[in-house]
Every structure is written in C-alpha cells, then in structure tokens.
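The residues making up each chain are set out below.
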Amino acid sequence: QVQLVESGGGLVQPGGSLRLSCAASGFTLEYYAIGWFRQAPGKEREAVSCLNSSDGIIYVADSVKGRFTMPRDNAKNTVYLQMNSLKPEDTGVYYCAIVVNTAVVGSCQPEYWGLGTQVTVSS
C-alpha cells in the first residue's frame, strides 16, 4: 500500500531548527511531485513548499522563504523539510503529500496525504 509517514516533529525554541522527514513506501518518491503543508491552530491548512518530480521548486510560502528547504534522499525514498530560524508562528501540524506534478511555478495541489507530525515553536 502507498504510504507517507512523517516524523521529526517536536518542541523547539524560537530561532532553532528541526528537520522533518517524509518516508514513502509502496512507490518510488523520486518520480513524484511532493509538498509539505501545515495547519496552525485555528487556521486552514496551507502549502509550505513543493517540488515537482524534477526537483524544481513550484511553490514556497512567503512566510518560510529563506528559512525552509526541501532536500530529497532518493536512496532512502524520503523527502525532508529542513526548518531553520523557527518562529512561534511556525507552530502547527506538518503534513507531506503527493502533489500534482507540474512545471508551473505557484501551483501545489495535494493528491495523497500523510498523517502529519506536530511542530511546536515556543520558549
């Protein structure tokens, strides 16, 4: 069965870093577009950063530009969300998802979700 399993969330102080992992099974992640999304308390789920299958960046939220990156490790069938300079407003549940594969920058349409991992940024 196709699965996406997020891990690496936790509690971190403002200014700190976390690396979230999204491990895929049942398919080869390298050939799919992938995105990270988050849902803060009381807010709608939003796209954070998305890559197409060629590792082209198709979306980055303005709020995370310059702070978050999405490296892939194809040997591990895993994509990461490297989060640096974390802010309290980054708090939320983070999800990875297979997204529609496109070369159109600005598009990030989820098709299949993982279950999420909690990130809390607080002193």
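This one's a predicted model, so the numbers in the text were calculated from it and none came from an experiment.

Novice: Even after reading the chapter, I still don't get the nonpolar core, so can you show me in this structure?
Specialist: One broad trend across soluble globular proteins is that nonpolar side chains are buried collectively. Core analysis: the largest hydrophobic core is formed by 25 residues, its most contacted members being Leu4, Ile34, Trp36, Phe68, Leu81, Met83 and Tyr94. Where this core is concerned, the elements lending two or more residues are β3 (18-25), β4 (33-39), β5 (46-51), β9 (78-83), β10 (92-99) and β12 (117-121). Among the elements that make up this core, the one with the highest residue count is β3 (4 residues). With near-sequence residues (within four places) excluded, Leu81 lies in contact with Leu18, Arg19, Leu20, Trp36, Val48, Phe68, Thr69, Met70 and Tyr94. Among the nonpolar cores identified, the runner-up in size contains 8 residues, and Ala47, Cys50, Ala97 and Val99 belong to it.

Novice: When you look at the state of the cysteines in this model, what are you seeing that I'm missing?
Specialist: As used in these notes, a disulfide is a covalent bond between sulfur atoms, one from each of two cysteines. As enumerated under the stated definition, the model contains 2 disulfides in all. Here Cys50 engages in a disulfide with Cys108; their sulfurs sit 1.7 Å apart. Taking the torsion about the S-S bond as the criterion, the Cys50 to Cys108 disulfide, at about -80 degrees, is left-handed. Of this pair, Cys50 sits in strand β5 while Cys108 sits in the loop between β10 and β11 (110-113), and the two are 58 residues apart along the sequence. The class for Cys50 is buried, based on a relative accessible area of 0%. By sequence-ordered numbering of the bonded cysteines, the chain has its disulfides arranged as 1-3, 2-4.

Novice: Please explain the packing of aromatic side chains as it appears in this structure.
Specialist: The geometry of an aromatic ring pair comes down to the distance between the two centres and the angle between the two planes. Taken as a whole, this structure holds 3 aromatic pairs when the rule is applied. When the ring of Phe27 is compared with that of Tyr32, the centres are 5.1 Å apart and the planes differ by 80 degrees; the resulting orientation is edge-to-face. The exposure class assigned to Phe27 is buried, which follows from its relative accessible area of 13%. Arranged with centres 4.8 Å apart and planes meeting at 65 degrees, the rings of Phe37 and Trp113 form a pair that is edge-to-face. Note that Phe37 is positioned in strand β4 and Trp113 in strand β11, a separation of 76 residues in sequence. Given a relative accessible area of 32%, Trp113 falls into the partly exposed group. Put simply, the rings of Phe37, Tyr95 and Trp113 touch in pairs and so form one group of aromatic residues. Here the basic side chain of Arg45 rests over the ring of Trp113, its NZ or CZ set 4.6 Å away from the ring centre.

Novice: Would you mind going over unusual backbone geometry with me for this structure?
Specialist: A positive phi is found at Asn77, a non-glycine position, where the angle reads about 55 degrees. With respect to the helices and strands, the residue Asn77 is situated in the loop between β8 (72-73) and β9. Looking at Asn77, the relative accessible area reads 17%, which means it is buried. For Ser85, which is not glycine, the phi dihedral falls at a positive 50 degrees. Residue position: Ser85 is located in the loop between β9 and β10. Since its relative accessible area comes to 42%, Ser85 is described here as partly exposed.

What counts, and where the lines are drawn
Residues numbered from 1 in each chain as written. Predicted model: local features only at pLDDT ≥ 70, side-chain atom pairs only at ≥ 80, totals over all residues. Heavy atoms only, no water. Core = buried A, V, L, I, M, F, W, Y, C linked by side-chain atoms within 4.5 Å. Buried < 20%, exposed > 50% of the residue type's maximum accessible area, 1.4 Å probe, protein only. Helix = DSSP H or I, 4+ residues; strand = E, 2+ residues; numbered from the N terminus. Contact = heavy atoms within 4.5 Å. Disulfide = S-S within 2.5 Å. Phe/Tyr/Trp six-rings, centres within 6.5 Å; stacked < 30°, edge-to-face > 60°. Lys NZ or Arg CZ within 6 Å of the ring centre and 35° of its normal.

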